[in-house]
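A look at the structure
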Amino acid sequence: MMTEMNQKPHDRLAAILAQDLTAVNDIIRERMASKHAPRIPEVTAHLVDAGGKRLRPMLTLAAARLCGYDGPYHVHLAATVEFIHTATLLHDDVVDESAQRRGRPTANLLWDNQSSVLVGDYLFARSFQLMTEPGSMRVMKILSNAAATIAEGEVLQLTAARNLATGEGTYLQVVRGKTAALFSAATQVGGVIADADETHVSALYDYGDALGIAFQIVDDLLDYQGQSDATGKNVGDDFRERKLTLPVIKAVALADAEERAFWSRTIERGKQEDGDLDHALALMGKHGTLNATRTDALGWATKAKAALAPLPDHEIKDMLSDLSDYVVSRIS
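Described in the following lines is the structure provided in the data block. (Residues numbered from 1 in each chain as written. Predicted model: local features only at pLDDT ≥ 70, side-chain atom pairs only at ≥ 80, totals over all residues. Heavy atoms only, no water.)

**Remarks on the overall build of the protein**
A tally of helices and strands in the protein yields 17 helices and 2 strands. Surface summary for the protein: the accessible area is close to 14700 Å², and the carbon and sulfur share equals 50%. (Helix = DSSP H or I, 4+ residues; strand = E, 2+ residues; numbered from the N terminus. Areas by Shrake-Rupley, 256 points an atom, 1.4 Å probe, with all protein chains shown as cover.)

As structure tokens, this is what we get:
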């Protein structure tokens with residue numbers, strides 16, 4: 001039997017937050033129901049029950065517990081975070097024309113694009129209903145701002161992802177939008193609902209921001225060097241979808257004229273041929289961009305751990321620190 005010491009950090013968090021997570025799941029099932037449109041719970045359940053770690057809602061619960069909150073509304077906020085996340089996944093799979101998510105067929109493949117888009121809209125609406133229930137204007141501002149920032153980041157990615165002029169600054173802006181915004185909102189509202197000291201609320205925001213950035217950089221790196229059975233994606237999906245992620249951005253910055261012409265053909269113009277993925281990997285290997293991307297991810301994980309310093313000593317604080325290491329453990 002796995003001992004507590006060799007459990008993964010998110011499993012240890014899930015164990016200590018088990019009662020709260022059960023309450024979150026109950027709210028999710030209750031609020032994804034629809035009296036008149038059974039397609040809504042069908043599509044939502046397919047994604048919600050797909051074995052996700054519930055990492056984002058867990059961050060809200062952990063932050064609230066760390067700050068001494070003993071009220072009921074952290075559960076509502078955690079469910080809100082999960083609904084926002086699930087809505088963005090449904091929309092992302094349509095935009096990316098994805099066929100696989102968490103190792104399973106995507107909702108848009110099993111049903112259709114219309115169902116995925118409209119059910120995603122429904123979940124966004126449900127999230128806004130949920131976030132009003134604690135009665136905190138500040139909480140609503142944080143979460144609604146995060147929802148807008150996520151959408152903005154996705155739209156920015158549409159124009160930046162296939163443009164070789166996109167640099168690391170724009171990439172970071174996209175990542176802060178589409179991924180880190182929900183991480184930082186999830187941790188921040190946990191502190192706000194607990195009426196925590198502003199220093200602690202700020203620390204929780206910084207932790208979530210850095211953790212989310214590390215999380216996305218790792219995801220982008222694993223697209224080129226991960227195992228598809230572990231990641232639930234095929235190696236090179238980002239290349240085939242012409243997404244200019246950090247390993248490629250770094251390679252383009254170091255490219256000679258011939259190499260730049262290759263990236264322009266495959267990414268900007270989308271004219272890909274057999275062997276192009278292998279050549280792309282060879283160019284990234286030549287310039288060491290996979291290792292450089294790994295270094296960046298590790299740096300953001302270190303920033304996440306450092307951000308926790310002002311928070312009170314607590315076993316959850318230790319677990320959040322370990323979570324920073326775990327996020328990058330797949331590339332360490």
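**Overview of helix 1 (residues 9-16)**
Regarding helix 1, the residues found buried are Pro-9, His-10, Arg-12 and Leu-13. An end-on view of helix 1 places all buried positions within 160° of arc, on one side of the element. Buried residues along helix 1 sit against helix 4 (55-66) and helix 17 (315-327). (Buried < 20%, exposed > 50% of the residue type's maximum accessible area, 1.4 Å probe, protein only. Arc of directions from axis to C-beta. Contact = heavy atoms within 4.5 Å.)

**A look at the packing of helix 13 (residues 246-253) against helix 16 (residues 289-307)**
The contact between helix 13 and helix 16 brings their axes to 9 Å, and the two run at 125°. It follows that helix 13 is oblique to helix 16 by the angle criterion. Here helix 13 and helix 16 pass one another in a crossing that is right-handed. Here Leu-246, Pro-247, Lys-250 and Ala-251 of helix 13 lie close against helix 16, whose contacting residues are Thr-289, Leu-290, Ala-292, Thr-293 and Asp-296. The residue inventory of the contact of helix 13 with helix 16, partitioned by class, reads 5 nonpolar, 2 polar and 2 charged. (Axes fitted to C-alpha atoms, helices over the stretch in contact; angles between N-to-C directions. Parallel < 35°, antiparallel > 145°, perpendicular 65-115°, else oblique. Left-handed = near helix turned anticlockwise from the far one by under 90°. Nonpolar A, V, L, I, M, F, W, Y, C, P; charged D, E, K, R; others polar.)

**A closer look at empty space enclosed by the protein**
Scanning the model with the defined rule gives 3 cavities of 30 Å³ or more in all. Considered as a void within the structure, the largest cavity measures approximately 110 Å³ in volume. If you go around the largest cavity, you meet 13 residues; those closest to its centre are Gln-157, Ala-161, Tyr-171, Val-174 and Leu-244. The leading source of residues in the lining of the largest cavity is helix 9 (residues 168-193), at 4 residues. Looking at side-chain class alone, the lining of the largest cavity contains 7 nonpolar, 3 polar and 3 charged residues. (1 Å grid on protein atoms, 1.4 Å probe; cavity = no way out; pocket = protein on both sides within 12 Å on 5 of 7 lines; lining within 4 Å. Points joined across faces, edges and corners; volume = space filled by probe spheres on them.)

**Remarks on the packing of aromatic side chains**
What describes a pair of aromatic rings is the distance from one ring centre to the other and the angle between the planes of the rings. Within the structure shown, the criterion is met by 3 aromatic pairs. A ring pair is formed by Phe-239 and Phe-262, whose centres lie 6.5 Å apart and whose planes are at 15°; its orientation type is stacked. Here Phe-239 is found in helix 12 (residues 237-240), whereas its partner Phe-262 is found in helix 14 (residues 257-268), with 23 residues between them in sequence. Taking relative accessible area as the criterion, Phe-239 reaches 1% and is therefore assigned buried. (Phe/Tyr/Trp six-rings, centres within 6.5 Å; stacked < 30°, edge-to-face > 60°.)

**Some details on helix 8 (residues 137-160)**
Each α-helix turn comprises 3.6 residues. Residues three or four places apart therefore point the same way. With 24 residues, helix 8 extends 34 Å between its outermost C-alpha atoms, agreeing within 8% with the 34 Å of an ideal straight helix rising 1.5 Å per residue. By the burial criterion, the buried members of helix 8 are Val-139, Ile-142, Leu-143, Ala-146, Ala-147, Ile-150, Gly-153, Glu-154, Gln-157 and Ala-160. (Expected span 1.5 Å × (residues − 1).)

**Here we look at the packing of helix 1 against helix 17**
As a packed pair, helix 1 and helix 17 sit with axes 8 Å apart at the nearest point and diverge in direction by 150°. Looking at the two axes, helix 1 sits roughly antiparallel to helix 17. At the point where helix 1 passes helix 17, the crossing takes the left-handed sense. Touching Pro-9, His-10, Arg-12, Leu-13 and Ile-16 of helix 1 are Glu-315, Ile-316, Met-319, Leu-320, Asp-322, Leu-323 and Tyr-326, all from helix 17. In terms of residue class, the contact of helix 1 with helix 17 is made up of 8 nonpolar, 1 polar and 3 charged.

**Examining unusual backbone geometry**
Even without being a glycine, Asp-195 presents a positive backbone phi close to 55°. Relative to the helices and strands, Asp-195 is located in the loop between helix 9 and helix 10 (198-225). We classify Asp-195 as exposed; its relative accessible area is 70%. Of note, the phi angle at Arg-242 is positive, near 65°, even though the residue is not glycine. If you trace the backbone, Arg-242 turns up in the loop between helix 12 and helix 13.

**Comments concerning the pattern of salt bridges**
Within the structure shown, the criterion is met by 16 salt bridges. Two residues, Lys-250 and Glu-168, come together in a salt bridge whose shortest N-O distance is 3.1 Å. One end of the pair, Lys-250, is in helix 13; the other, Glu-168, is in helix 9, with 82 residues separating them in the sequence. Across the salt bridge formed by Asp-313 and Lys-317, the nearest N and O atoms sit 3.9 Å from each other. Exposure remark for Lys-317: the relative accessible area of 12% places this residue in the buried category. Through salt bridges with shared partners, a single ionic network connects Glu-30, Arg-31 and Glu-133. (Salt bridge = Lys/Arg side-chain N within 4 Å of Asp/Glu carboxyl O.)

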